[in-house]
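Understanding the architecture of this molecule
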Amino acid sequence: MRRMSNGEILARLRTIVGDAHVISDATTATYATDWRKRYFGRPVAVVKPANTAEVAAVLKLCIETRTTIVPQGGNTGLCGGATPDPSGRQLMVNLSRMNRIRAIDAVNNAMTVEAGCVLATLQQAADQAKRLFPLRLAAEGSCQIGGNLSTNAGGVQVLRYGNTRDLVLGLEVVLPNGSVWDGLRGLRKDNTGYDLKHLFIGAEGTLGIITAAVLKLFPKPCAQATAVVALDTPRAALRLLEHLQSRCGDRLTAFELFSAICVELVHKHFDVAAPFSTAYPQYALIELSDTQPGGGVNTLLESVLEAALESGIALDAVVATSGTQAKQLWQLREHISEAQAAEGPNIKHDIALPISRIGDFIERTDAKLAGAFKGVRMVTFGHLGDGNLHYNVAHPEGGDPAVFIARTAEVNRAVHDSVTEFGGSISAEHGIGQYKRDELLRYKAPVEMELMRTVKRALDPLGIMNPGKVLGKLDS
Ligand SMILES: Cc1cc2nc3c(=O)[nH]c(=O)nc-3n(C[C@H](O)[C@H](O)[C@H](O)COP(=O)(O)OP(=O)(O)OC[C@H]3O[C@@H](n4cnc5c(N)ncnc54)[C@H](O)[C@@H]3O)c2cc1C
């Protein structure tokens, strides 16, 4: 190893990517602050390579100088995974210039794209090729596919199409030793040993830098039906989900649950139309999609919901009669996070549970929190069809938010202990980053933690890639 000053490192970086693409002035602070403004890092620089060869050259320089790397996509991650530490020594590798769609193969239903492509751009490109790329989330206008792959992002269509992990055929990765793994194969069957791409998906940049991917495309649905259904309890929502799955099969593309308080907060902070004149305890937003044109899917949804109302599973229902009305119904769901932020601080939990146990989990955990933290409000919503809840706990109305936030660790303990009792996971779709690193250590089985450390040591013995994220210290 050769010791180099920061000045020398910057000079070498400029020869690799060009002067304009090495940022070391005060503007690095924007890159080094996470979306929720919870973490504030200080990097040696932000470097923006244009292609895979430049990423590999940057990595080799980092190995030579033992400079650690923090990869960054759109910086919309919610766990501080793309934020450097405050040491002033970490290098941020921002992938935004690697934004080419290399190829679309409509017959193979696949597209080969670079890691810095913004998700919404990929959705549009697929649409133009008369195909669907189904990953859909509220950050799609900013997040990049490299970030989506590295966090194994979920979103609102997982029920039908799976997580990001399920949407990938191949990857290209620059490894922590500076070599390039070209795994850009567009194969649906490839039983030639370990499926290496899955090591990097969800690794949050700790095992290498993803530079490109082959993504799956799907037939483009041309008919959609959307409804909001009023329900009594989360258990009733589970019965409705089962009812819809048995009648509609994989035409069911979204099943989102949200409670009365979510709707109250949306109406308090935003001008979004109310679906019903009365308030109900729970709501489900449902979407069916079909590749068959015509109104078949609407008729199906109406008849299935009619049966649900007759049998008493549902209390009320509104089916959108136009695309505009469907968008309005979605707005209810999509504004919940922002409405919650406008209401004040809350303690968030992105958790997964076996779908069948969600009703019991909510009942028991709500009661536990109400007993231990007087007046707290449970703002529970999420992708019920995937067993994924955003189980957020808001401060008591009229109470001092700072006093409540000071009890974050206690609230987390109560919620995460309950998640574990119910056989769930403390991170469903947002990942671990630095935010949940210590919680992971507490709740993941020691044998699993050691397996992950073994993989990390094998691929990245120098600890170059995103240290302090996911695993923390390797000897802990
Ligand atoms: C309004 C809003 C709504 C959201 N909704 C959802 C949702 O419904 N479902 C969901 O799953 N998430 C959601 N998220 C979280 C976030 O959008 C996702 O985690 C997204 O996948 C992050 O992508 P990004 O490009 O912004 O990654 P970043 O935030 O830049 O990085 C995330 C992690 O990936 C690593 N990384 C980034 N690019 C690469 C690369 N090329 N190679 C290796 N490592 C890399 C980073 O080091 C970091 O650890 C939401 C966020 C916001 C702000």
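In short, a report on the structure. Per-chain numbering applies: the sequence of each chain, read as written, is numbered from 1 onward. A pLDDT threshold of at least 70 governs which residues receive local features in this predicted model, and a stricter bar of 80 or more applies before side-chain atom pairs are shown or counted, although totals over entire chains, interfaces and linings include all residues. In computing side-chain values, all of the structure's heavy atoms are included and hydrogens and water are not.

What to know about the packing of helix 13 (residues 358-372) against helix 15 (residues 408-421)
Between helix 13 and helix 15, whose axes approach to 10 Å, the crossing angle comes to 155 degrees. Taken together, the axes of helix 13 and helix 15 are roughly antiparallel relative to one another. Crossing geometry of helix 13 relative to helix 15 is assigned as right-handed. The segment helix 13 lies against helix 15, with F361, R364, T365, K368 and L369 engaging V411, A414, V415, D417, S418, V419 and E421. Every axis corresponds to a line fitted to the C-alpha atoms, with the helix fit spanning only the stretch in contact, and the corresponding angles, defined between N-to-C directions, vary from 0 to 180 degrees. In this text, helices come from DSSP runs of H or I with a minimum length of four residues, and strands from runs of E with a minimum of two, each type numbered from the N-terminal end. Roughly parallel covers angles under 35 degrees, roughly antiparallel covers those over 145, roughly perpendicular covers 65 to 115, and oblique covers all other angles. Handedness of each helix crossing follows the sense of rotation of the near helix against the far helix: counterclockwise by less than a right angle gives left-handed, clockwise gives right-handed. In this analysis, two residues are considered to be in contact whenever any of their non-hydrogen atoms come within 4.5 Å of each other.

Quick notes on the pattern of salt bridges
Whenever Lys or Arg places a side-chain nitrogen within 4 Å of a carboxyl oxygen from Asp or Glu, that contact is recorded as a salt bridge. One pass over the structure, following the stated rule, counts 22 salt bridges. Note that K456 is salt-bridged to D460, the shortest N-O span being 2.8 Å. With respect to class, K456 is no different from D460; both count as buried. Each of R100, R102, E114 and E172 takes part in salt bridges that share partners, so that together they form one network. Burial classification: accessible surface area is computed with a 1.4 Å probe over protein chains only, and a residue below 20% of its type maximum counts as buried, one above 50% as exposed, and the rest as partly exposed.

Side note on the site of the ligand
The criterion for a residue being near a molecule or strand is simple. One of its heavy atoms has to lie within 4 Å of it. Lining the immediate surroundings of the ligand are 34 residues, of which P71, G73, G74, T76 and G77 lie closest. Note that an oxygen atom of the ligand is positioned 2.7 Å from one of the side-chain N or O atoms of T76. Taking G154, its main chain carries an N or O atom lying 2.8 Å from an oxygen atom of the ligand. A 1.4 Å probe and the Shrake-Rupley method give the accessible areas. Residues count as covered only by the protein chains that appear here. If the ligand stood free it would expose 970 Å²; the protein chains cover 93% of that surface. When contributions to the shell around the ligand are tallied by element, the ones reaching two or more residues are strand 3 (69-72), helix 5 (145-151) and strand 10 (209-216). Top contributing element to the shell around the ligand by residue count: helix 5, with 5 residues. Across the shell around the ligand, the residue classes break down as 13 nonpolar, 19 polar and 2 charged. Counting of polar contacts relies on pairs of N or O atoms within 3.5 Å, with two restrictions inside protein: one atom must be capable of donating a hydrogen and the other of accepting it, and residues adjacent in sequence are counted only when both atoms are side-chain atoms. For this scheme, ten residues count as nonpolar: Ala, Val, Leu, Ile, Met, Phe, Trp, Tyr, Cys and Pro. Four count as charged, namely Asp, Glu, Lys and Arg, and the remainder, Gly too, count as polar.

Side note on the side chain of Q90
Positionally, Q90 belongs in the loop between strand 3 and strand 4 (91-94). Overall, Q90 belongs to the buried group, its relative accessible area being 3%. A polar contact is formed between the side chain of Q90 and the side chain of T68, at a distance of 3.0 Å. Engagement of the side chain of Q90 in a polar contact is seen with the backbone nitrogen of D85, the distance being 2.7 Å. When sequence neighbours within four positions are dropped, the list of residues in contact with Q90 reads P43, V44, A45, T68, V70, P84, D85 and P467.

Quick notes on the side chain of T65
Counting through the fold element by element, T65 comes out in helix 3 (residues 52-65). Owing to a relative accessible area of 6%, T65 belongs among the buried residues under this scheme. Within polar-contact distance, the side chain of T65 engages the side chain of T67 at 2.7 Å.

A few points about the nonpolar core
Most often, soluble globular proteins have nonpolar side chains that are buried together. Put simply, a nonpolar core is a bunch of buried Ala, Val, Leu, Ile, Met, Phe, Trp, Tyr and Cys residues held in one set by side-chain atoms that sit within 4.5 Å of each other. Counting residues in each nonpolar core, the largest one holds 47 residues, and the members touching the most others are L240, L244, F255, I286, L301, F361 and L369. Those elements that provide at least two residues to this core are strand 12 (223-231), helix 8 (234-248), strand 13 (252-259), strand 14 (282-290), helix 10 (296-310), helix 13, strand 19 (388-394) and helix 15. Apart from the residues lying within four places of it in its own chain, the contact partners of L240 are V229, L231, F255, A284, I286, L305, A308 and I313. Ranked by size, the runner-up nonpolar core spans 30 residues in total, among them A126, V173, L207 and L215.

Here we look at the sheet that holds strand 4
In this scheme, strands are said to pair when DSSP sees at least two bridges between them. Strand order in the open sheet made by the 4 strands is 1-2-4-3, with mixed pairing throughout. In this open sheet, the two edge strands, each paired with only one partner strand, are strand 1 (22-23) and strand 3. Pairing of strand 1 with strand 2 (residues 45-47), which is carried by 2 bridges, proceeds in the antiparallel orientation. Residue pairing in the sheet places I23 in a bridge with V46 of strand 2. In the packing of helix 3 onto the sheet, the strands contacted are strand 2, strand 3 and strand 4, and the crossing angle to strand 4 comes to about 170 degrees.

Considering the pairing of strand 12
Where burial is concerned, most of strand 12 is hidden: 8 out of the 9 residues are buried. Where strand 12 and strand 15 (residues 316-319) come together, 4 bridges link them in antiparallel fashion. Directly across from V229, in strand 15, lies its bridge partner A317.

Concerning the packing of helix 1 (residues 6-17) against helix 3
Contact geometry for helix 1 and helix 3: axes closest at 9 Å, N-to-C directions at 160 degrees. Between helix 1 and helix 3, the crossing angle belongs to the class labelled roughly antiparallel. Pair helix 1 / helix 3 crosses with right-handed handedness. The residues of helix 3 that touch helix 1, namely those facing I9, R12, L13, I16 and V17, are E54, A57, V58, L61, E64 and T65. For the contact of helix 1 with helix 3, a count of residues per class yields 7 nonpolar, 1 polar and 3 charged.

A word on the packing of aromatic side chains
Each aromatic pair joins two rings of Phe, Tyr and Trp (for Trp, the six-membered one) with centres within 6.5 Å, and gets the label stacked for planes under 30 degrees apart, edge-to-face for over 60, and tilted for any other angle. One pass over the structure, following the stated rule, counts 7 aromatic pairs. A centroid spacing of 4.9 Å and a plane angle of 65 degrees characterise the contact between Y161 and F218, whose relative ring orientation is edge-to-face. Of this pair, Y161 sits in helix 6 (residues 158-161) while F218 sits in strand 11 (residues 218-219), placing them 57 residues apart in sequence. According to the relative accessible area criterion, F218 is buried, its value standing at 17%. Seen from their ring centres, F361 and Y391 are 5.4 Å apart, and the 70 degrees between their planes marks the pair as edge-to-face. Here Y391 lies in strand 19 and F361 lies in helix 13, a separation of 30 residues in the sequence. Judged by relative accessible area, Y391 falls into the buried class, the value being 0%. Ring-pair connections join several aromatic residues into one group, and the members of that group are F258, F276, Y280 and Y283. The residue whose ring lies beneath R38 is Y435, and the NZ or CZ to ring-centre distance is 3.8 Å. A cation sits over an aromatic face here: R136 above W330, 4.7 Å from the ring centre. A ring has a charge above it when a Lys NZ or an Arg CZ is no more than 6 Å from the ring centre and no more than 35 degrees off the ring normal.

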